[in-house]
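The lines below spell out each chain.
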Amino acid sequence: LPFLWFIKVRTVIWYSHAHSSSALRWSNHFVDQVITTARDAFPLEHDSEYPIGQLVSSNSFFYDESNVDPPRNDSVIISVGRIAKSKFLENLVKELELDCSIREIKLIGPMDISKEGGYLHKVQELAAKRHLTINTKGPMKRQDLKSVYTNYSMLYSGTKKAIDKSAIEGALCGMFVLSTNSELLHLTGMSEIYLEF
């Protein structure tokens, strides 16, 4: 990067994570623009930062009003993506009322068992105390996710700053997105919907 900067070649990086590595901090001095998913999804300061959301195909993920039968399962919350501490799954478990109608949280996505197995076990123990079941399904191909999004009503995204692609896809398919990420709630239209409640 310094060589490109020295010969005045314009450079752009794409980054959307809370973690700031030493390589990122070093590279940040030599790039002209930063493209990211949300205003606070780039962990450093930069003069030319452009949040553009997530690229999702509306041809693949969309709400079909003609296909409302059978009704969606509203006793299960799904989470799609990597199973990791950075997804804050325990926050969802803690926020659910003991007497609510939710009985299961279904996790769809990959997990590094050596790094995150203990974390998943703790979340499952916490859920069991609240009479909830945590089920893991493993990763799915992106083209197979639409059928999941149209079978359930609610999708959880625990990522604090970046924008999870699955949340945008789920919202396009008519799901309620549950999150504390205000930028995500704005992008999916959920902030306006929740104001009505």
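Cut-offs applied
Residues numbered from 1 in each chain as written. Predicted model: local features only at pLDDT ≥ 70, side-chain atom pairs only at ≥ 80, totals over all residues. Heavy atoms only, no water. Salt bridge = Lys/Arg side-chain N within 4 Å of Asp/Glu carboxyl O. Helix = DSSP H or I, 4+ residues; strand = E, 2+ residues; numbered from the N terminus. Buried < 20%, exposed > 50% of the residue type's maximum accessible area, 1.4 Å probe, protein only. Core = buried A, V, L, I, M, F, W, Y, C linked by side-chain atoms within 4.5 Å. Contact = heavy atoms within 4.5 Å. Phe/Tyr/Trp six-rings, centres within 6.5 Å; stacked < 30°, edge-to-face > 60°. Lys NZ or Arg CZ within 6 Å of the ring centre and 35° of its normal.

Caption draft 1: View of the pattern of salt bridges. Taken as a whole and assessed by the stated rule, the structure comprises four salt bridges. Arg 39 is paired through a salt bridge with Glu 183; the nearest N and O atoms lie 2.5 Å apart. Of this pair, Arg 39 sits in the loop between strand S2 (33-36) and strand S3 (49-51) while Glu 183 sits in helix H7 (residues 182-187), and the two are 144 residues apart along the sequence. With relative accessibility at 12%, the residue Glu 183 sits in the buried group. Ionic pairing is found between Glu 104 and Lys 106, a salt bridge with its closest N-O pair at 3.4 Å.

Caption draft 2: Representation of the nonpolar core within the structure. Ranked by internal contacts, the top residues of the largest apolar core, which has 24 residues, are Ile 78, Val 80, Tyr 149 and Leu 155. Of all elements in the fold, only strand S4 (73-80), helix H5 (145-149), strand S7 (152-156), helix H6 (165-172) and H7 reach the threshold of two or more residues within this core. The residues contacting Ile 78, other than those within four sequence positions of it, are Lys 106, Val 148, Tyr 149, Tyr 152, Met 154, Leu 155, Tyr 156 and Met 175. Counting 17 residues, the second largest nonpolar core, distinct from the first, contains Leu 96, Ile 105, Ile 134 and Met 154.

Caption draft 3: Summary view of the packing of aromatic side chains. Under the counting rule described, the total for this entry stands at three aromatic pairs. Seen from their ring centres, Tyr 15 and Phe 42 are 6.0 Å apart, and the 85° between their planes marks the pair as edge-to-face. You can see Tyr 15 sitting in the loop between strand S1 (12-14) and helix H2 (22-27) and its partner Phe 42 sitting in the loop between S2 and S3, a full 27 residues away along the chain. Taken as a pair, Tyr 15 and Phe 42 share a single burial class, namely buried. The ring of Phe 62 is capped by Lys 146, whose NZ or CZ atom sits 4.2 Å from the centre of that ring. A cation over a ring is seen here: Lys 160 above Phe 88, with NZ or CZ 4.4 Å from the ring centre.

Caption draft 4: Up close: H6. The element H6 is extensively covered by neighbouring structure, given that six of its eight residues are classed as buried. Along H6, the positions that sit buried rather than exposed are Ser 166, Ala 167, Ile 168, Glu 169, Gly 170 and Ala 171. Looking at the residues trailing H6, positive phi occurs at Gly 174, about 95°.

Caption draft 5: Highlighting the environment of Pro 110. Counting through the fold element by element, Pro 110 comes out in the loop between strand S5 (104-108) and helix H4 (113-129). Along the chain, Pro 110 and Ser 153 lie 43 residues apart, while their C-alpha atoms are 22 Å from each other. Setting aside anything within four residues of it in sequence, one finds Pro 110 in contact with Gly 81, Arg 82, Ile 83 and Pro 139.

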